[in-house]
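Architecture and fold: a report
So the chains spell out like this:
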Amino acid sequence: MILSISGVVLLGIVVFIFFRKDGLKASHALVAVLFGFYLASTAIAPSIKAGGESLAGLLGGIKF
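Residues numbered from 1 in each chain as written. Predicted model: local features only at pLDDT ≥ 70, side-chain atom pairs only at ≥ 80, totals over all residues. Heavy atoms only, no water.

An unreviewed UniProt entry lists the protein under the name DUF2304 domain-containing protein, from Streptomyces tendae.

Have a look at this one:
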């Protein structure tokens, strides 16, 4: 678990630096995808999913 969290933090920092420095290139997108897969396997994944579902429900409820 600790190794997984360390990988998530490291990949998160790398993704942040890539976005700030050069924009998103193909290699940067690959790192972002890996970050997503590692993040999905951590204990925080259910909270992220619930937050995404809540945001989708909020945006879906907006009437124009």
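That was the structure; now back to the text.
A closer look at the overall build of the protein
Counted only if it meets this: Numbering goes from the N terminus for both helices and strands, where a helix is a DSSP run of H or I of at least four residues and a strand is a run of E of at least two. Note on areas: Shrake-Rupley with a 1.4 Å probe; residue coverage comes only from the protein chains shown.
What the protein contains, in helices and strands, is three helices and zero strands. For the protein, the α and β elements follow one another from N to C terminus as α-α-α. Summing over all exposed atoms, the protein offers an accessible surface of approximately 5,000 Å²; the carbon and sulfur share of this is 75%.

Description of a nonpolar patch on the surface
To be explicit about the condition: Like charges are joined within 9 Å and nonpolar side chains (Val, Leu, Ile, Met, Phe, Trp, Tyr) within 5 Å, but only among residues with over 30% relative accessible area and no salt bridge; these make up the patches. Salt-bridge detection follows one rule: a side-chain nitrogen of Lys or Arg within 4 Å of a carboxyl oxygen of Asp or Glu. Partly exposed describes any residue whose relative accessible area lies between the buried limit of under 20% and the exposed limit of over 50%, with all areas from a 1.4 Å probe on protein chains only and scaled to the type maximum.
Residues Leu55, Leu58, Leu59, Ile62 and Phe64 make up a contiguous nonpolar surface patch of roughly 640 Å² in combined accessible area. Along the polypeptide, Ile62 turns up in the segment after helix 3 (45–60). For Ile62, a relative accessible area of 42% corresponds to the partly exposed category.

Overview of the environment of Ile13
Turning to its location among the elements, Ile13 is positioned in helix 1 (residues 2–21). Ile13 sits in the partly exposed class, given a relative accessible area of 47%.

Examining the confidence of the model for the protein
Close inspection of predicted coordinates is inappropriate for parts of the model with low pLDDT. We apply this condition: A residue's pLDDT is the predictor's confidence in that residue, given on a scale from 0 to 100.
Put simply, the protein has an average pLDDT of 75, and 89% of its residues get 70 or more. Helix 1 is the least confidently modelled element of the protein, averaging 72 in pLDDT, while helix 3 averages 80, the highest of any element.

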